[in-house]
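What the coordinates show
One letter stands for each residue in the lines below.
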Amino acid sequence: RVVAAAAPCLADLEEGVRRAAIEAIAAQGSEDGRDPLWLALKSPREESTRIRGRIAELFQQLHWPVEDDPWFAGHVPGGYAIASAESAKFLVAAR
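Residues numbered from 1 in each chain as written. Predicted model: local features only at pLDDT ≥ 70, side-chain atom pairs only at ≥ 80, totals over all residues. Heavy atoms only, no water.

1. Quick look at the overall build of the chain
When you go through the chain residue by residue, the secondary structure sums to five helices and three strands. Going from N to C terminus, the chain has its helices and strands arranged as α-α-α-α-β-α-β-β. Rg of the C-alpha trace for the chain: 13 Å, near the compact-globule value of 12 Å for 95 residues, within the 12% margin. With the C-alpha coordinates aligned to their principal axes, the bounding extent of the chain is approximately 30 × 25 × 20 Å. Taking all 95 residues of the chain together, 35% fall into the buried category. At a minimum sequence separation of 6, the contacts of the chain that also span at least 24 residues come to 50%. Of the accessible surface of the chain, which amounts to about 5700 Å², a share of 52% is contributed by carbon and sulfur atoms. (Helix = DSSP H or I, 4+ residues; strand = E, 2+ residues; numbered from the N terminus. Rg over C-alpha atoms; globule rule 2.2 N^0.38 Å. Buried < 20%, exposed > 50% of the residue type's maximum accessible area, 1.4 Å probe, protein only. Contact = heavy atoms within 4.5 Å. Areas by Shrake-Rupley, 256 points an atom, 1.4 Å probe, with all protein chains shown as cover.)

Following this line, the structure appears as structure tokens:
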């Protein structure tokens, strides 16, 4: 229920609201949070490097796969890269 309630806040105009939504979703430790966070991460409308970086960090920590997305492939947050493993793609720390 927390993920469903927080997900719409990922599109809020205020960065602080979006950040709080990310942390609320992350605190659930549930796979249910992956889809709304993925939509936020791959959105060209999300201009905050802190927001995109935090979501990327969660994807890396939780080993959540990322989908093929041409825009995202060209806009992976700084410090991260897409790596293929086990027929899926994941975010890893860039070297």
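2. Notes on the packing of aromatic side chains
The relation between two aromatic rings is expressed through the spacing of the ring centres and the mutual angle of the planes. Under the counting rule described, the total for this entry stands at three aromatic pairs. Where W38 meets F72, the ring centres are 5.0 Å apart and the plane angle is 75°; that geometry is what we call edge-to-face. One end of the pair, W38, is in helix α3 (residues 34-41); the other, F72, is in helix α5 (residues 70-73), and 34 residues separate them in sequence. F72 gets classed as buried once you look at its relative accessible area, which sits at 0%. Taken together, a centroid distance of 5.2 Å and an interplanar angle of 80° make the contact between F59 and W64 edge-to-face. Comparing F59 with W64, the two get one shared label, buried. An aromatic cluster of three or more residues is present, and its members are W38, F59, W64 and F72. (Phe/Tyr/Trp six-rings, centres within 6.5 Å; stacked < 30°, edge-to-face > 60°.)

3. A short note on the sheet that holds strand β1 (residues 65-66)
Here three strands make up an open sheet; going across it, the order is β1-β3-β2 and the pairing antiparallel. At either end of the open sheet lies a strand with only one pairing partner, and these are β1 and β2 (80-85). Judged from the six bridges that link them, β2 and strand β3 (residues 88-93) form a sheet pairing that is antiparallel. Its bridge partner lying in β3, A85 is registered against A88. Packing of helix α4 (residues 49-62) onto the sheet brings it into contact with β1, β2 and β3, and relative to β3 it is tilted by some 115°. (Pairing = 2+ DSSP bridges. Axes fitted to C-alpha atoms, helices over the stretch in contact; angles between N-to-C directions.)

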